[in-house]
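# Remarks on the overall topology
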Amino acid sequence: MRKYIYSCCILLLSSCLNNDFMERVPLGNPTAETVFETYDNFKSYAWGLYETFPSVAYGDKDTDDISFNQTRESSESSWIRGLVNVPDKKDDTPWAQYSFIRRVNLMLDHIDSSKMSETEKAHWRSVGYFFRSYRYFTLLQAYGGVPWIDHVLSDNETELINGARASRDEIAKHLLEDLQYAEKNIGTDDGKNTINLSVIQAFMSRFCLFEGTWRKYHGLSDADTYLKECKRVSAEVLKVHPNVAPNYDDVFNSISLDGVEGIILYKPYSNQASVVHSVSISGTTGTSFFNPTRDLIDSYLCFDGKTRWTSPHYISDQDMYDEFSNRDHRLWLQVTPPYKIDRSASATAWENKWKYTDDPKDKSFIDSLQIRLGLGLTTSKERQKTLPFRQGFSGGILGEIPHYDFFLNNQPWYKSAFGYNNWKFFNTYLEMGSARNEETDMPIFRTEEVMLNYAEAMCELKEFTQEIADQTINKLRPRANVAPMKVNEITASFDPKRDLGNPNYPGDYEVSPLLWEIRRERRIELFAENFRFDDLRRWKKCQYMMKKKLGQYVRKSDFPTGTKVTIDKGAAEGYLEFHPEQTHLWPDYYYLYPIPRNEITLNSKIEQNPGWPK
């Protein structure tokens, strides 16, 4: 599929669709009947369905990985603060996905009456089942059981107006059956970067891991059915996509992901087609409030594959240079590394004039990005991450990292309340004036996620071995300069900070040493890609989010007198803080989202999820 395809509209059929699934439109218009006739008709319609995939953006704000440090207390996530309200309408909630599901059902309803062959019909039914399952999965993740609608409603049908929610068991079974059908019947003729067998199986891997672990940790039956299916389809994907891109940064900062190893499906962007984003420029302004936490930084292993608590190569967390040394290189590509330059030759912040300081450590990470990580060897030099940091322009040099919001030093942008900045999606290929026209593609499904799904499912099934580690986690580590996982070395003492269970949460469980390490690898590899919140929910471990979020270690004496440095517990030195510690526990009913009130008003048989106000 060419890069412009995601901007396609639905053309003739757009006039007979309605954005609200509760407002049913009669389908007597002959235009719909005549448009859905041939293979190419369905192909043209299906292009519009690809728009449902998410856009590139920084994620994980509602988790323990990120502290949203914009306004003290009030900018922290409502999920963490216990202030989630029941929405009045479905707008901007997962419930709004029913509008998209109706679009898919419109296509599915016209397959049997088309002029296509039986093989072609089976193919487009498979594509439709994939897209419908993709968004029903969103509903399942959020609400559990929801109304099941598998066709476009006519005027005399009342499933949504009078029908009750299908159970979680029913919805999950529908998704599994539809995806298994799609897996067996998907064709191969739609071109590159379209829904194919590997895409379907990669999504099945994601869905089945979520559902299997949700069932296990939330006390539901039939967990192994989904975990075993995750095992099966993940292994199939890894036969076709056994290797990862040799450069981690290429996955998130490439002008084109076409041909990049391990990419199964991606969302393309093109300035020529006016399909662009602005993640780099926004990441230096508004999203610079998305500060990585002390807890996240502590999670990165050292290069010997051991934790910061046990590795002899870990130096200290009291100096950012020491803290970043000898660590997993993904830390350097996700959190901006430390440096300092001499800007005395620059009259303004926008002059690209600087020189190294006399302190060798100030240049160590500037050089490391280009030498030790090898950036620019497999990709265009103009778009690699570079230090000193610049604000997406051919200028705008930032004098140092860390750059604190309480000590701006005459440079007001790319600040951080914690000393840590997220730059996973940042790149420097644009010139001034073009910084809101970014074209870097976004991975939707990649083999690294499937590897992690497979590893976790095998561990849950008690089938994880060194061979599985070598097929999965040990494929991820070489490009991060981390030693391979050796399964027989992961004992109870491997990580002294491992979760042993929290007595404040009845029924909470101890995470086994091996599962803890697999979950750690997932946290690091998928950082900022919007997996963490749902991972914590399915593991029933959202209490991690309730821990006090802290930043870098600092000393008040290192700043000019009068600088307002906020350190944990009001100390003279220690970890930076921003939001107060939460004094309440994570409510159990928060594991499911509240259903919008208007949907319950329209259908009295739809009951609110337990615990939420009606």
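See the structure printed just above.
Our subject in this report is the structure included herewith. (Residues numbered from 1 in each chain as written. Predicted model: local features only at pLDDT ≥ 70, side-chain atom pairs only at ≥ 80, totals over all residues. Heavy atoms only, no water.)

## Here we look at the overall build of the protein chain
- Within the protein chain one finds 20 helices and nine strands.
- Surface summary for the protein chain: the accessible area is close to 24,500 Å², and the carbon and sulfur share equals 49%. (Helix = DSSP H or I, 4+ residues; strand = E, 2+ residues; numbered from the N terminus. Areas by Shrake-Rupley, 256 points an atom, 1.4 Å probe, with all protein chains shown as cover.)

## Considerations on the pairing of strand β4 (residues 339-342)
- Of the two faces of β4, only the one carrying Y339 and I341 is buried; K340 and D342 on the other face are not.
- The sheet contact formed by β4 and strand β6 (residues 400-401) spans two bridges and is antiparallel. In the strand pairing of β6, Y339 is matched with I401.
- The pairing of β4 with strand β5 (residues 355-356) spans two bridges and is antiparallel. Counterpart to I341 in the pairing with β5 is Y356. (Buried < 20%, exposed > 50% of the residue type's maximum accessible area, 1.4 Å probe, protein only. Pairing = 2+ DSSP bridges.)

## Some thoughts on the nonpolar core
- Of all hydrophobic cores here, the largest spans 114 residues; its most connected members are F207, F445 and F464.
- Ranked by residues supplied to this core, first place goes to helix α5 (residues 118-143) with 12 residues.
- Not counting chain neighbours up to four residues away, the residues in contact with F464 comprise A455, M458, C459, A469, T472, M485, V487, L514 and I518.
- Listed in part, the 57 residues of the second largest apolar core include Y248, F289, W332 and I366. (Core = buried A, V, L, I, M, F, W, Y, C linked by side-chain atoms within 4.5 Å. Contact = heavy atoms within 4.5 Å.)

## Some remarks on the packing of aromatic side chains
- Per the stated rule, a full pass over the model turns up 58 aromatic pairs.
- Summarising the aromatic geometry, the rings of W79 and W586 are spaced 6.2 Å apart at their centres and angled 20° between planes, so their arrangement reads as stacked. Of the two residues, W79 is situated in helix α3 (residues 78-81) and W586 in the loop between β9 (573-577) and α20 (597-602); the sequence distance between them amounts to 507 residues. Here W79 matches W586 in class, with each residue buried.
- Of note, K541 hangs over the ring of Y509, and the distance from its end group to the ring centre comes to 4.1 Å. (Phe/Tyr/Trp six-rings, centres within 6.5 Å; stacked < 30°, edge-to-face > 60°. Lys NZ or Arg CZ within 6 Å of the ring centre and 35° of its normal.)

## So, the sheet that holds β6
- If you walk across this open sheet you meet the three strands as β5-β4-β6, and the pairing is antiparallel. The open sheet has two free edges, formed respectively by β5 and β6, since each of these has just one partner strand.

## Concerning helix α19 (residues 532-539)
- Within α19, eight of the eight residues are buried, leaving the element largely enclosed by the surrounding structure.
- Lining the buried residues of α19 we find α3, α5, α8 (197-217), α15 (447-460) and α18 (513-525).
- Just beyond α19, the residue with positive phi is K540, at close to 55°.

## Re the environment of V450
- Tracing the backbone through its elements, the reader meets V450 in helix α15.
- Here V450 is in contact with A202, S205, S234, V237, L238 and I264, once residues within four sequence places are set aside.

## Brief notes about helix α4 (residues 97-109)
- In a regular helix each residue adds 1.5 Å, so 13 residues correspond to 18 Å; α4 covers 18 Å between its end C-alpha atoms and thus fits that length.
- Of all 13 residues that make up α4, 12 are buried, and the element is covered over most of its length.
- Those residues of α4 lying buried are Q97, Y98, S99, F100, I101, R102, R103, V104, N105, L106, M107 and L108. (Expected span 1.5 Å × (residues − 1).)

## Some details on the pattern of salt bridges
- Evaluated as defined, the whole model comprises 55 salt bridges.
- As a salt-bridge pair, E463 and K231 come within 2.7 Å of each other at their nearest N and O atoms. In this pair, E463 is assigned in the loop between α15 and α16 (466-471) and K231 in helix α9 (residues 223-240), connecting sequence segments 232 residues apart.
- On the basis of relative accessible area, E463 is assigned to the partly exposed category, the value being 31%.
- Salt bridges sharing partners connect three or more residues here, namely D328, R330, K424, R446, E448, R477, R479, E521, E525 and E529. (Salt bridge = Lys/Arg side-chain N within 4 Å of Asp/Glu carboxyl O.)

## Here's the deal with the packing of helix α7 (residues 168-185) against α8
- Two numbers describe how α7 lies on α8: the axes approach to 10 Å, and their chain directions differ by 160°. Comparing the axis directions of α7 and α8 gives the class roughly antiparallel. As α7 packs across α8, the resulting crossing turns out to be left-handed. The segment α7 lies against α8, with R168, D169, A172, L175, L176, L179, Q180, A182 and E183 engaging L197, I200, Q201, F203, M204, F207, C208, F210, E211, W214 and R215. (Axes fitted to C-alpha atoms, helices over the stretch in contact; angles between N-to-C directions. Parallel < 35°, antiparallel > 145°, perpendicular 65-115°, else oblique. Left-handed = near helix turned anticlockwise from the far one by under 90°.)

## A look at the environment of K239
- Secondary-structure assignment places K239 in helix α9.
- A residue is classified by how much of its surface remains accessible, and K239, at 61% relative accessible area, is exposed.
- When the C-alpha positions of K239 and S198 are compared, they lie 9.9 Å apart, and in sequence the two are 41 residues distant.

## A few points about the environment of F425
- The topology assignment puts F425 in the loop between β6 and β7 (442-446).
- Residue class for F425 comes out buried when judged on its relative accessible area of 5%.
- When the C-alpha positions of F425 and V279 are compared, they lie 6.8 Å apart, and in sequence the two are 146 residues distant.
- Not counting chain neighbours up to four residues away, the residues in contact with F425 comprise V56, A57, Y58, F252, N253, V279, S280, K385, A528 and E529.

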